[in-house]
Amino acid sequence: MSFRWGILGTGAIARQFAEGLEAVDDAVATAVGSRSQASADAFGDTHRIPRRHATYADLAADPEVDAIYVSTPHSLHMENSLMCLEAGKPVLCEKPFAINRAQAEAMVRMARERGVFLMEAMWTLCSPVMRRALALVREGAIGEPRLLECDFGFRAPFDASGRLFDPALGGGALLDVGVYCVYMAHAFLGGVPAETTGLAHRGETGVDEQSAWIFRYPGGELAVLSSAVRTETRQRLAIHGTDGRIEVPEFWHPTTLIQNDREQSFALIGNGYNYEAQEVARCVQGGRLESELLPLDASLEVMGILDDLRAGWGLKYPVE
Ligand SMILES: NC(=O)c1ccc[n+]([C@@H]2O[C@H](COP(=O)([O-])OP(=O)(O)OC[C@H]3O[C@@H](n4cnc5c(N)ncnc54)[C@H](OP(=O)(O)O)[C@@H]3O)[C@@H](O)[C@H]2O)c1
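Residues numbered from 1 in each chain as written. Predicted model: local features only at pLDDT ≥ 70, side-chain atom pairs only at ≥ 80, totals over all residues. Heavy atoms only, no water.

Now for the pairing of strand 2 (residues 27-33). Burial of strand 2 is extensive: 6 of the 7 residues sit out of reach of the surface. For the segment spanning strand 1 (residues 3-8), helix 1 (residues 12-21) and strand 2, crossover handedness is right-handed. As paired strands, strand 2 and strand 3 (residues 51-53) are joined by 3 bridges and run parallel to one another. Of the residues in strand 3, the one forming a bridge with A31 is R51. (Buried < 20%, exposed > 50% of the residue type's maximum accessible area, 1.4 Å probe, protein only. Helix = DSSP H or I, 4+ residues; strand = E, 2+ residues; numbered from the N terminus. Right-handed = clockwise from strand over helix to strand, strands pointing away. Pairing = 2+ DSSP bridges.)

In C-alpha coordinates form, the structure reads like this:
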(Lines give C-alpha, C1' and ligand atoms only; values in the text may rest on other atoms or scores of the structure.)
Protein backbone atom coordinates (compact mmCIF):
# COMPACT_ATOMS: atom_id res chain seq x y z
CA MET A 1 0.00 0.00 0.00
CA SER A 2 1.16 3.56 -0.71
CA PHE A 3 2.59 5.63 2.14
CA ARG A 4 -0.10 8.21 2.92
CA TRP A 5 1.04 11.78 3.58
CA GLY A 6 -0.81 14.59 5.32
CA ILE A 7 0.38 18.10 4.48
CA LEU A 8 0.03 20.70 7.23
CA GLY A 9 -0.10 24.22 5.75
CA THR A 10 -0.75 25.25 2.15
CA GLY A 11 2.06 27.72 1.38
CA ALA A 12 4.90 27.83 -1.14
CA ILE A 13 6.95 24.89 0.11
CA ALA A 14 3.86 22.73 0.72
CA ARG A 15 3.14 23.06 -3.00
CA GLN A 16 6.69 21.94 -3.85
CA PHE A 17 6.45 18.99 -1.49
CA ALA A 18 3.12 17.89 -2.99
CA GLU A 19 4.70 18.05 -6.46
CA GLY A 20 7.71 16.09 -5.23
CA LEU A 21 5.43 13.30 -3.99
CA GLU A 22 4.17 12.82 -7.53
CA ALA A 23 7.62 11.44 -8.40
CA VAL A 24 7.41 8.77 -5.69
CA ASP A 25 5.76 5.53 -6.85
CA ASP A 26 4.66 4.24 -3.48
CA ALA A 27 3.60 7.49 -1.78
CA VAL A 28 0.53 9.65 -2.04
CA ALA A 29 -0.72 12.95 -0.58
CA THR A 30 -3.89 11.76 1.12
CA ALA A 31 -4.84 14.76 3.26
CA VAL A 32 -4.17 18.45 3.71
CA GLY A 33 -4.79 20.68 6.73
CA SER A 34 -5.10 24.44 6.64
CA ARG A 35 -6.36 27.26 8.82
CA SER A 36 -9.27 27.59 6.41
CA GLN A 37 -11.49 25.18 4.50
CA ALA A 38 -11.20 27.31 1.35
CA SER A 39 -7.43 27.06 1.31
CA ALA A 40 -7.49 23.33 2.07
CA ASP A 41 -9.98 22.80 -0.76
CA ALA A 42 -8.00 24.89 -3.27
CA PHE A 43 -4.80 23.03 -2.40
CA GLY A 44 -6.62 19.70 -2.55
CA ASP A 45 -8.04 20.53 -5.99
CA THR A 46 -4.63 21.52 -7.38
CA HIS A 47 -2.81 18.48 -6.04
CA ARG A 48 -5.68 15.95 -6.24
CA ILE A 49 -5.75 15.39 -2.47
CA PRO A 50 -9.05 13.84 -1.36
CA ARG A 51 -9.14 14.65 2.37
CA ARG A 52 -9.23 18.38 3.21
CA HIS A 53 -9.28 19.66 6.79
CA ALA A 54 -10.14 23.17 7.98
CA THR A 55 -7.91 22.85 11.06
CA TYR A 56 -4.46 21.42 11.70
CA ALA A 57 -5.93 19.45 14.64
CA ASP A 58 -8.31 17.60 12.32
CA LEU A 59 -5.39 16.65 10.08
CA ALA A 60 -3.39 15.40 13.08
CA ALA A 61 -6.37 13.21 14.07
CA ASP A 62 -6.97 11.81 10.57
CA PRO A 63 -6.70 8.01 10.82
CA GLU A 64 -5.94 7.68 7.08
CA VAL A 65 -2.61 9.52 7.39
CA ASP A 66 0.73 7.72 7.91
CA ALA A 67 2.93 10.81 8.41
CA ILE A 68 2.55 14.58 8.47
CA TYR A 69 4.71 17.16 6.75
CA VAL A 70 4.79 20.41 8.77
CA SER A 71 5.27 23.37 6.42
CA THR A 72 4.24 26.40 8.46
CA PRO A 73 6.51 29.39 9.31
CA HIS A 74 9.39 28.57 11.69
CA SER A 75 7.63 30.10 14.71
CA LEU A 76 4.92 27.41 14.47
CA HIS A 77 7.09 24.34 13.90
CA MET A 78 7.20 23.33 17.56
CA GLU A 79 3.49 23.82 18.25
CA ASN A 80 2.40 22.04 15.06
CA SER A 81 4.87 19.17 15.42
CA LEU A 82 3.98 18.58 19.08
CA MET A 83 0.30 18.35 18.17
CA CYS A 84 0.98 15.73 15.49
CA LEU A 85 3.40 13.72 17.64
CA GLU A 86 0.91 13.76 20.50
CA ALA A 87 -1.64 12.26 18.12
CA GLY A 88 0.92 9.54 17.34
CA LYS A 89 1.71 10.75 13.82
CA PRO A 90 5.27 10.54 12.44
CA VAL A 91 6.46 14.06 11.53
CA LEU A 92 8.69 15.56 8.87
CA CYS A 93 9.15 19.17 10.00
CA GLU A 94 10.50 21.94 7.77
CA LYS A 95 13.81 23.63 8.49
CA PRO A 96 14.80 25.34 10.68
CA PHE A 97 13.53 22.67 13.05
CA ALA A 98 12.30 25.34 15.48
CA ILE A 99 13.07 28.89 16.63
CA ASN A 100 15.74 27.76 19.08
CA ARG A 101 17.27 24.73 20.71
CA ALA A 102 14.89 24.77 23.67
CA GLN A 103 11.92 24.40 21.32
CA ALA A 104 13.69 21.67 19.35
CA GLU A 105 14.40 19.81 22.59
CA ALA A 106 10.69 19.83 23.44
CA MET A 107 9.94 18.26 20.05
CA VAL A 108 12.64 15.60 20.38
CA ARG A 109 11.58 14.82 23.95
CA MET A 110 7.98 14.26 22.88
CA ALA A 111 9.01 12.08 19.92
CA ARG A 112 11.30 9.94 22.07
CA GLU A 113 8.85 9.65 24.97
CA ARG A 114 6.00 8.64 22.67
CA GLY A 115 8.16 6.49 20.41
CA VAL A 116 7.06 8.39 17.29
CA PHE A 117 9.26 9.15 14.26
CA LEU A 118 10.49 12.74 13.80
CA MET A 119 12.86 14.25 11.22
CA GLU A 120 13.88 17.74 10.12
CA ALA A 121 13.24 18.43 6.44
CA MET A 122 16.86 19.28 5.57
CA TRP A 123 16.14 17.87 2.11
CA THR A 124 19.59 18.75 0.75
CA LEU A 125 21.20 16.01 2.83
CA CYS A 126 18.77 13.46 1.34
CA SER A 127 19.84 14.33 -2.20
CA PRO A 128 21.90 11.68 -4.05
CA VAL A 129 24.47 14.38 -4.90
CA MET A 130 25.07 15.31 -1.28
CA ARG A 131 25.08 11.67 -0.19
CA ARG A 132 27.80 11.03 -2.76
CA ALA A 133 29.79 14.08 -1.61
CA LEU A 134 29.59 12.89 1.99
CA ALA A 135 30.66 9.38 1.03
CA LEU A 136 33.64 10.73 -0.92
CA VAL A 137 34.81 12.91 1.97
CA ARG A 138 34.34 10.09 4.49
CA GLU A 139 36.34 7.63 2.38
CA GLY A 140 39.21 10.12 2.16
CA ALA A 141 38.83 11.11 -1.52
CA ILE A 142 40.12 14.63 -0.74
CA GLY A 143 42.39 13.66 2.14
CA GLU A 144 41.53 15.39 5.39
CA PRO A 145 38.92 18.13 5.01
CA ARG A 146 40.49 21.36 6.28
CA LEU A 147 38.42 24.27 5.06
CA LEU A 148 34.77 24.50 4.05
CA GLU A 149 33.13 27.43 2.32
CA CYS A 150 29.38 27.76 1.92
CA ASP A 151 27.11 30.67 1.12
CA PHE A 152 23.37 30.91 0.67
CA GLY A 153 22.01 34.34 -0.18
CA PHE A 154 19.06 35.40 -2.31
CA ARG A 155 17.34 38.71 -2.90
CA ALA A 156 13.74 38.73 -1.65
CA PRO A 157 11.53 41.80 -2.00
CA PHE A 158 11.23 43.60 1.34
CA ASP A 159 7.96 42.90 3.14
CA ALA A 160 7.95 43.86 6.81
CA SER A 161 5.06 41.50 7.62
CA GLY A 162 6.26 38.54 5.50
CA ARG A 163 7.84 35.55 7.20
CA LEU A 164 11.35 36.43 5.96
CA PHE A 165 11.35 39.79 7.76
CA ASP A 166 8.80 39.58 10.58
CA PRO A 167 10.48 38.71 13.92
CA ALA A 168 7.21 37.18 15.14
CA LEU A 169 7.47 34.55 12.39
CA GLY A 170 11.19 33.92 13.00
CA GLY A 171 12.42 36.20 10.19
CA GLY A 172 16.03 36.63 9.12
CA ALA A 173 18.52 34.96 6.81
CA LEU A 174 20.21 32.74 9.37
CA LEU A 175 17.15 30.65 10.24
CA ASP A 176 15.80 30.63 6.69
CA VAL A 177 18.87 29.80 4.59
CA GLY A 178 21.90 30.09 6.88
CA VAL A 179 20.72 26.85 8.47
CA TYR A 180 21.73 25.02 5.27
CA CYS A 181 25.31 26.30 5.56
CA VAL A 182 25.48 25.36 9.24
CA TYR A 183 24.27 21.87 8.28
CA MET A 184 27.02 21.56 5.65
CA ALA A 185 29.72 22.44 8.19
CA HIS A 186 28.12 20.07 10.71
CA ALA A 187 27.92 17.21 8.21
CA PHE A 188 31.31 17.58 6.51
CA LEU A 189 33.54 18.82 9.34
CA GLY A 190 32.19 16.69 12.14
CA GLY A 191 29.44 18.20 14.24
CA VAL A 192 29.73 21.02 16.72
CA PRO A 193 32.55 23.54 16.28
CA ALA A 194 34.87 24.45 19.15
CA GLU A 195 34.33 28.14 18.45
CA THR A 196 31.99 30.30 16.35
CA THR A 197 32.11 33.98 15.51
CA GLY A 198 30.09 36.14 13.16
CA LEU A 199 28.74 39.54 12.24
CA ALA A 200 25.26 40.42 11.07
CA HIS A 201 23.55 43.36 9.45
CA ARG A 202 20.12 43.74 11.00
CA GLY A 203 17.56 45.56 8.85
CA GLU A 204 14.64 47.79 9.76
CA THR A 205 12.53 45.00 11.29
CA GLY A 206 15.51 44.00 13.46
CA VAL A 207 16.20 40.62 11.83
CA ASP A 208 19.52 39.62 10.21
CA GLU A 209 19.24 40.51 6.51
CA GLN A 210 22.75 39.23 5.97
CA SER A 211 25.50 37.76 8.07
CA ALA A 212 28.88 36.05 7.78
CA TRP A 213 30.45 33.63 10.23
CA ILE A 214 33.52 31.50 10.81
CA PHE A 215 33.59 28.20 12.70
CA ARG A 216 36.72 26.57 14.08
CA TYR A 217 36.71 22.82 14.77
CA PRO A 218 38.91 21.07 17.36
CA GLY A 219 41.35 19.78 14.70
CA GLY A 220 41.84 23.27 13.26
CA GLU A 221 39.33 22.82 10.44
CA LEU A 222 37.58 26.06 9.51
CA ALA A 223 34.19 26.85 7.95
CA VAL A 224 33.58 30.20 6.28
CA LEU A 225 29.85 30.71 5.89
CA SER A 226 27.30 33.39 5.02
CA SER A 227 23.59 33.90 4.42
CA ALA A 228 21.39 36.70 3.12
CA VAL A 229 17.78 37.47 2.21
CA ARG A 230 18.45 40.82 0.47
CA THR A 231 21.59 39.83 -1.49
CA GLU A 232 21.95 37.13 -4.12
CA THR A 233 25.13 35.06 -3.67
CA ARG A 234 26.64 32.12 -5.53
CA GLN A 235 25.06 29.47 -3.27
CA ARG A 236 28.08 27.23 -3.50
CA LEU A 237 29.61 24.62 -1.22
CA ALA A 238 33.34 23.88 -1.39
CA ILE A 239 35.24 21.45 0.81
CA HIS A 240 39.00 21.80 0.55
CA GLY A 241 41.07 18.88 1.81
CA THR A 242 44.74 18.00 2.14
CA ASP A 243 44.48 16.03 -1.09
CA GLY A 244 41.83 17.66 -3.24
CA ARG A 245 38.59 19.58 -3.34
CA ILE A 246 34.89 18.94 -3.78
CA GLU A 247 32.55 21.66 -4.97
CA VAL A 248 28.78 21.60 -5.24
CA PRO A 249 27.23 24.45 -7.21
CA GLU A 250 23.79 25.56 -6.02
CA PHE A 251 24.42 23.17 -3.20
CA TRP A 252 20.98 23.42 -1.57
CA HIS A 253 19.29 21.72 -4.57
CA PRO A 254 22.32 20.03 -6.07
CA THR A 255 22.54 18.36 -9.46
CA THR A 256 26.31 18.40 -10.00
CA LEU A 257 29.41 17.51 -8.03
CA ILE A 258 32.89 18.74 -9.01
CA GLN A 259 35.85 16.77 -7.69
CA ASN A 260 39.17 18.42 -8.48
CA ASP A 261 37.69 20.08 -11.59
CA ARG A 262 36.13 16.81 -12.81
CA GLU A 263 32.40 17.40 -13.09
CA GLN A 264 29.80 14.72 -12.48
CA SER A 265 26.11 15.28 -13.24
CA PHE A 266 23.42 13.21 -11.57
CA ALA A 267 20.24 11.90 -13.16
CA LEU A 268 17.75 12.99 -10.54
CA ILE A 269 14.06 12.29 -10.35
CA GLY A 270 11.32 14.66 -9.25
CA ASN A 271 11.92 18.15 -7.91
CA GLY A 272 14.21 16.93 -5.10
CA TYR A 273 11.68 17.01 -2.26
CA ASN A 274 10.78 13.41 -3.14
CA TYR A 275 14.05 12.18 -1.59
CA GLU A 276 13.24 13.37 1.93
CA ALA A 277 9.72 11.92 1.61
CA GLN A 278 11.23 8.57 0.59
CA GLU A 279 13.63 8.66 3.54
CA VAL A 280 10.75 9.20 5.98
CA ALA A 281 8.68 6.37 4.48
CA ARG A 282 11.72 4.04 4.52
CA CYS A 283 12.30 4.78 8.22
CA VAL A 284 8.67 4.63 9.34
CA GLN A 285 7.95 1.43 7.41
CA GLY A 286 11.14 -0.07 8.84
CA GLY A 287 10.04 0.76 12.39
CA ARG A 288 12.80 3.35 12.91
CA LEU A 289 12.20 6.33 15.19
CA GLU A 290 14.74 8.56 13.47
CA SER A 291 16.78 8.73 10.30
CA GLU A 292 20.53 8.01 10.25
CA LEU A 293 20.79 10.61 7.48
CA LEU A 294 19.21 13.32 9.63
CA PRO A 295 19.44 12.19 13.25
CA LEU A 296 17.65 14.25 15.87
CA ASP A 297 20.87 14.98 17.74
CA ALA A 298 22.14 16.73 14.59
CA SER A 299 19.00 18.88 14.53
CA LEU A 300 19.56 19.79 18.19
CA GLU A 301 23.23 20.59 17.62
CA VAL A 302 22.49 22.75 14.59
CA MET A 303 19.81 24.67 16.53
CA GLY A 304 22.35 25.21 19.31
CA ILE A 305 24.85 26.68 16.81
CA LEU A 306 22.14 28.99 15.41
CA ASP A 307 21.33 30.10 18.99
CA ASP A 308 25.02 30.89 19.63
CA LEU A 309 25.34 32.97 16.46
CA ARG A 310 22.19 34.95 17.22
CA ALA A 311 23.30 35.50 20.81
CA GLY A 312 26.46 37.13 19.44
CA TRP A 313 24.28 39.62 17.55
CA GLY A 314 21.83 40.18 20.40
CA LEU A 315 18.99 38.92 18.17
CA LYS A 316 16.06 37.52 20.13
CA TYR A 317 12.64 36.63 18.80
CA PRO A 318 9.42 37.75 20.54
CA VAL A 319 8.75 34.16 21.74
CA GLU A 320 12.12 34.07 23.56
N1 LIG B 1 13.02 23.08 2.16
C2 LIG B 1 12.94 24.16 1.41
O3 LIG B 1 13.48 24.24 0.31
C4 LIG B 1 12.12 25.31 1.90
C5 LIG B 1 11.78 26.32 1.01
C6 LIG B 1 10.94 27.33 1.46
C7 LIG B 1 10.51 27.33 2.78
N8 LIG B 1 10.89 26.33 3.63
C9 LIG B 1 10.42 26.34 5.03
O10 LIG B 1 9.03 26.06 5.04
C11 LIG B 1 8.35 26.86 6.00
C12 LIG B 1 7.23 27.60 5.29
O13 LIG B 1 7.77 28.42 4.27
P14 LIG B 1 6.88 28.90 3.00
O15 LIG B 1 7.80 29.67 2.14
O16 LIG B 1 6.12 27.78 2.45
O17 LIG B 1 5.89 29.92 3.74
P18 LIG B 1 4.49 30.45 3.23
O19 LIG B 1 4.41 30.41 1.74
O20 LIG B 1 4.26 31.73 3.93
O21 LIG B 1 3.45 29.35 3.78
C22 LIG B 1 3.32 29.08 5.14
C23 LIG B 1 1.96 28.42 5.37
O24 LIG B 1 1.85 28.22 6.78
C25 LIG B 1 0.51 28.41 7.19
N26 LIG B 1 0.47 29.39 8.32
C27 LIG B 1 0.04 29.13 9.55
N28 LIG B 1 0.12 30.21 10.33
C29 LIG B 1 0.64 31.20 9.56
C30 LIG B 1 0.96 32.55 9.83
N31 LIG B 1 0.77 33.12 11.03
N32 LIG B 1 1.46 33.28 8.82
C33 LIG B 1 1.68 32.74 7.61
N34 LIG B 1 1.38 31.44 7.32
C35 LIG B 1 0.86 30.67 8.29
C36 LIG B 1 -0.28 28.90 5.98
O37 LIG B 1 -1.03 27.80 5.50
P38 LIG B 1 -2.61 27.71 5.79
O39 LIG B 1 -3.16 29.07 5.44
O40 LIG B 1 -3.04 26.65 4.88
O41 LIG B 1 -2.82 27.38 7.24
C42 LIG B 1 0.78 29.30 4.98
O43 LIG B 1 0.37 29.08 3.67
C44 LIG B 1 9.41 27.76 6.63
O45 LIG B 1 9.79 27.26 7.88
C46 LIG B 1 10.59 27.70 5.67
O47 LIG B 1 11.85 27.77 6.31
C48 LIG B 1 11.66 25.32 3.20
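The next subject is the domain arrangement of the protein. According to the domain assignment, the protein consists of domain 1 (3-123) and domain 2 (128-267). Across the boundary between the two partners, domain 1 contributes 9 residues, which contact 11 residues of domain 2. The largest share of the area that domain 1 buries against domain 2 comes from H74, M122 and W123, three residues that together contribute 47% of it. Inspection of the region where domain 1 meets domain 2 yields 1 salt bridge. Here K95 and D176 are joined by a salt bridge, their closest N and O atoms 3.7 Å apart. Remark: the boundary between domain 1 and domain 2 carries 4 residue pairs in polar contact (both at pLDDT 80 or more). (Domains from an automatic or database assignment. Contact = heavy atoms within 4.5 Å. Buried area = accessible area lost by both parts, 1.4 Å probe. Salt bridge = Lys/Arg side-chain N within 4 Å of Asp/Glu carboxyl O. Polar contact = N/O pair within 3.5 Å; in protein donor to acceptor, adjacent residues only side chain to side chain.)

What follows concerns the packing of helix 1 against helix 8 (residues 273-285). Running from N to C, helix 1 and helix 8 cross one another at 70°; their axes reach a closest spacing of 8 Å. Relative to helix 8, the element helix 1 is oriented roughly perpendicular. Of helix 8, the residues touching helix 1 (which contributes I13, Q16, F17, G20 and L21) are Y273, N274, E276 and A277. In terms of residue class, the contact of helix 1 with helix 8 is made up of 5 nonpolar, 3 polar and 1 charged. (Axes fitted to C-alpha atoms, helices over the stretch in contact; angles between N-to-C directions. Parallel < 35°, antiparallel > 145°, perpendicular 65-115°, else oblique. Nonpolar A, V, L, I, M, F, W, Y, C, P; charged D, E, K, R; others polar.)

Direction vectors running N to C along helix 6 (residues 128-138) and helix 7 (residues 173-189) enclose 35°, while the axes themselves pass 10 Å from each other. Facing M130, A133, L134, V137 and R138 of helix 6, the residues of helix 7 in contact are M184, A187 and F188. Residue composition of the contact of helix 6 with helix 7, by class: 7 nonpolar, no polar and 1 charged.

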